[in-house]
Amino acid sequence: MPFILANEVCDRFATTGFNANMITYLTQQLHMPLVQASNTLTNFSGTSSLTPLVGALIADSFAGRFWTITLGSVVYQLGMISLTASAVLPAFRPPPCTGPAACARASAWQLAVLYVSLLFTSIGSGGIRPCVVAFGADQFGIQRGRGPHAGRWNFFNLYFFSMGVAVLTALTAVVYVQDNVGWGWGLGIPTVAMCVSVVAFVMGYPLYIKMKPGGSPLTRLTQVVAAAFRKRNAIKPADPRLLYDDKEVDAAISTNGRLLHTHQLGFLDRAAIVTEGDVVDSGRPRPWRLSTVHRVEELKSIIRMIPIWAVGILVITASSHNHSFAIQQARTMDRHLAPRFQIPAATLSIFSTLAMLLSLAFYDSVLVPVARRFTRRPSGITYLQRIGIGMAVGLSANVAAALVEARRKGVAIDHGLVDQPKAVVPISVFWLVPQYAIHGLAEAFTSVGHMEFLYDQAPESMRSTAAALFWLAMSIGNYMGTFLVTVVHHCTSKGGGDWLQDNINRGKLDYYYWLMTALQVLNLLYYITCAMLYTYKPLETMAGGEDEESCGDGADLTAVKHGEA
């Protein structure tokens, strides 16, 4: 674990230091307009969250998690070296501004270097993000039944807590260097940290528990669909015990127990109906004609997860641009802690990270033990309850953001600074702290709960793929955020009342925050409906020589021999 966490801490430190203040680099060094710069970063974030799906499939199919993480880290390192070089060498940037209206924008080839560098880091993320969580959980022996519940919850909180510490360090030290020393050092430090992370991770190779890939999960899922469609007119037996089952066939993908039959999505059960020609002379099934109950239930588990997984998309959409916009707000506000010292605008994110760290510590040391006395669950509360609490709390972050922005604009109007976008509005930047802190508190519940849910409810042979779904939701959410900002900018600029202007003193950024609040309310109502209807996967395990059933975090953890969920 120290090697894995060292790798991930250094990686997250590098990633945060790389991205936290990038909006400033794009607007002040490459002279991009605000909307273009914000959309560039959101698209980059979306791509970085999309590539993990490919990385997860590679890891689960044939490469394994260790080698996928290693290769991804190396590719990410190349992207960081490229961008650092472009920050150091003047030829890769437009000349400095000589006046308010004399800022030359970056040329096409300078932007090409930027985009290629960001693309490399996005591809590298595809190998790192989906595998680190599952690989770390493997070291606790979770899939082997040692410490079946307590270890898992402690691991996920430990993982996010370690990441929070790395982010906190980057937001203070690296952002300060970028704003006060220079972008060469500001990007060079994260680049060196990433190099250290790769070395630390590879050094632990002899110590790791390395799970063997179970073959392409997409192929197995497709085989179930093909077999079910082929037998769409077959008569399904009334007794599910007559459906095809084979422990030997499923041994490599069910080391923690086989999935038991459920009555939902009954059409897929037809894939497990045995008909003539489905089995070869050796007794092995033809996989495109016949699937086991376990493989059918793998597909059912994924389908059941999708509505809950989709909730994360709008959560990300509602907050995808908030960080970039908040930095622009902070740059217009009084950031002085002392007459000669002012905090960098991007450093305000430390309040979100601090809130998350404190919330995770409180959750593990206080909330879980107290809740356990009442619920008798090892995890205290279910991960579905955890997600719901986080979503409800997260609503108030955009409410706070809207109210503070209205207050900031009011002060700008009162002091005649509406047409002076670079002037400092006499209002403390610490008015932005509540929205950051609330966001951090919500993330400690929503993000961790979402990852727990995906890991626990996914079939065990698809754990990397499940982690990739977490990042896929972020990817789609970021792309939807870009689309939404583009539509809002296009629609509101027609009437002369552009919400998202470069001069935010004349914009209506608070209206945008209220729009995001409305989306979050709708998303919360959708989530409550899905959570109430969700069915946990039933799992057959071995205990004391008998088959038993475990239904996951949300079900009663009592043993029912061959029972139904």
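Given the structure is predicted, the values throughout are model-derived calculations rather than measurements.

Outline the overall build of the protein chain, supporting the account with residue identities and numerical values.
Check the secondary structure of the protein chain and you find 16 helices and six strands. The C-alpha radius of gyration computed for the protein chain amounts to 26 Å, which stays within 12% of the reference 24 Å derived for 565 residues, consistent with globular compactness. Structurally, the protein chain occupies a C-alpha span of about 80 × 45 × 45 Å along its principal axes. Here the protein chain holds 565 residues, and 56% of them are scored as buried. Across the protein chain, contacts joining residues at least 24 apart in sequence account for 81% of those joining residues at least 6 apart.

Describe the confidence of the model for the protein chain, naming the residues involved and giving the relevant values.
For the protein chain, per-residue confidence averages 80 on the pLDDT scale, and residues scoring 70 or more make up 91% of the total. Residue range residues 142-153 is modelled with pLDDT below 50. Its contacts to residues more than four positions away, or to other chains, number 30 contacts. Contacts for the low-pLDDT stretch residues 542-549, under 50 throughout, to residues beyond four places or in other chains number 25 contacts.

For the packing of helix α3 (residues 34-63) against helix α15 (residues 463-494), give the residues involved together with the corresponding values.
For the pair α3 and α15, the least separation of the axes is 8 Å and the interaxial angle reads 160°. As judged from the angle between their axes, α3 and α15 are roughly antiparallel. Taken as a pair, α3 and α15 cross one another with a handedness that is left-handed. Per-class residue counts for the contact of α3 with α15 are 13 nonpolar, 14 polar and two charged.

For the environment of Ala 392, give the residues involved together with the corresponding values.
Considering the arrangement of structural elements, one finds Ala 392 in helix α13 (residues 383-414). Separated by 210 residues in sequence, Ala 392 and Gly 182 place their C-alpha atoms 40 Å apart.

An account of the packing of aromatic side chains is requested, with residue identities and associated values reported.
Scanning all chains against the criterion turns up 18 aromatic pairs. A ring pair is formed by Phe 66 and Phe 201, whose centres lie 5.1 Å apart and whose planes are at 20°; its orientation type is stacked. Linking Phe 66 in helix α4 (residues 65-88) with Phe 201 in helix α7 (residues 183-203), this pair joins segments that are 135 residues apart in sequence. An angle of 75° between the planes, with centres 5.1 Å apart, marks the rings of Phe 135 and Tyr 208 as edge-to-face. Taken as a pair, Phe 135 in helix α5 (residues 108-139) and Tyr 208 in the loop between α7 and α8 (217-230) lie far apart in primary sequence, 73 residues in all. The same class applies to Phe 135 as to Tyr 208, namely buried. One cation-aromatic arrangement involves Arg 232 over Phe 229; the distance from NZ or CZ to the ring centre is 4.3 Å. Here the basic side chain of Arg 386 rests over the ring of Tyr 363, its NZ or CZ set 3.6 Å away from the ring centre.

Break down a nonpolar patch on the surface for me, citing the residues and quoting the values.
Taken together, the side chains of Val 521, Leu 522, Leu 525, Ile 528, Met 532 and Leu 533 make up a nonpolar region of the molecular surface, amounting to roughly 640 Å² of accessible area. Looking at where Leu 522 falls in the secondary structure, it is placed in helix α16 (residues 509-533). You can call Leu 522 exposed: its relative accessible area is 57%.

How would you sum up the pattern of salt bridges? Please name residues and give values.
Enumeration over the complete set of coordinates arrives at 12 salt bridges. Asp 269 is paired through a salt bridge with Lys 236; the nearest N and O atoms lie 3.8 Å apart. Placement of Asp 269 in the loop between α9 (247-250) and α10 (293-319) and of Lys 236 in the loop between α8 and α9 is noted, with a sequence separation of 33 residues between them. A relative accessible area of 36% places Lys 236 in the partly exposed class.

Quick one: what's the story with the nonpolar core, residue by residue and with numbers?
General note: in soluble globular proteins, nonpolar side chains tend to be found buried as a group. Residues Met 305, Leu 384, Phe 453 and Leu 454 are the most contacted members of the largest nonpolar core, which totals 73 residues. When residues of this core are assigned to their parent elements, the largest contribution, nine residues, is made by α10. Excluding residues within four positions of it along the chain, Leu 384 makes contact with Ile 308, Phe 453, Tyr 527, Ala 531, Tyr 534 and Tyr 536. One finds Leu 171, Trp 183, Ile 343 and Ile 504 within the second-largest nonpolar core, a separate group that totals 41 residues.

So what's going on with α5? Which residues, and what values?
The first and last C-alpha atoms of α5 sit 47 Å apart over 32 residues, in line with the 46 Å expected at 1.5 Å per residue. At Val 132, α5 is bent by approximately 40°, the largest bend along its length. With 24 of its 32 residues buried, α5 lies for the most part within the structure.

Describe the environment of Val 485, with residues and values.
Tracing the backbone shows Val 485 in helix α15. Counting along the chain gives 450 residues from Val 485 to Val 35, while the straight-line C-alpha distance between them is 8.0 Å. Residues within four places of Val 485 in sequence aside, it is in contact with Val 35, Asn 39, His 321, Phe 325, Leu 500 and Tyr 512.

Let's hear about the packing of helix α11 (residues 322-331) against α16: which residues, and what values?
Between α11 and α16, the least distance of the axes is 12 Å, while the angle of their chain directions is 155°. By the angle between their directions, the pair α11 and α16 is classed as roughly antiparallel. Considering how the two elements wind past one another, α11 and α16 form a crossing that is left-handed. Every residue of α16 that contacts α11 at Asn 322, Phe 325, Ala 326 and Gln 329 is listed here: Leu 509, Tyr 512 and Tyr 513. By residue class, the composition of the contact of α11 with α16 is five nonpolar, two polar and no charged.

Could you give me a rundown of the side chain of His 450, with the residues and numbers involved?
You can see His 450 is positioned in helix α14 (residues 433-457). With relative accessibility at 7%, the residue His 450 sits in the buried group. When neighbours within four sequence positions are excluded, His 450 is seen to be in contact with Ile 308, Trp 309, Gly 312, Ile 387 and Phe 470.

Before we move on, can you summarise α3 with the specific residues and values?
The end-to-end C-alpha distance of α3, which contains 30 residues, comes to 41 Å, matching closely the 44 Å that a straight helix rising 1.5 Å per residue would cover. One or two residues past the end of α3 sits Gly 64, with phi positive at roughly 85°.

Criteria and cut-off values
Residues numbered from 1 in each chain as written. Predicted model: local features only at pLDDT ≥ 70, side-chain atom pairs only at ≥ 80, totals over all residues. Heavy atoms only, no water. Helix = DSSP H or I, 4+ residues; strand = E, 2+ residues; numbered from the N terminus. Rg over C-alpha atoms; globule rule 2.2 N^0.38 Å. Buried < 20%, exposed > 50% of the residue type's maximum accessible area, 1.4 Å probe, protein only. Contact = heavy atoms within 4.5 Å. pLDDT = per-residue confidence, 0-100. Axes fitted to C-alpha atoms, helices over the stretch in contact; angles between N-to-C directions. Parallel < 35°, antiparallel > 145°, perpendicular 65-115°, else oblique. Left-handed = near helix turned anticlockwise from the far one by under 90°. Nonpolar A, V, L, I, M, F, W, Y, C, P; charged D, E, K, R; others polar. Phe/Tyr/Trp six-rings, centres within 6.5 Å; stacked < 30°, edge-to-face > 60°. Lys NZ or Arg CZ within 6 Å of the ring centre and 35° of its normal. Patch = residues over 30% accessible without salt bridge, like charges linked within 9 Å, V, L, I, M, F, W, Y side chains within 5 Å. Areas by Shrake-Rupley, 256 points an atom, 1.4 Å probe, with all protein chains shown as cover. Salt bridge = Lys/Arg side-chain N within 4 Å of Asp/Glu carboxyl O. Core = buried A, V, L, I, M, F, W, Y, C linked by side-chain atoms within 4.5 Å. Expected span 1.5 Å × (residues − 1). Bend = angle between axes of the 7 residues up to and from the residue.

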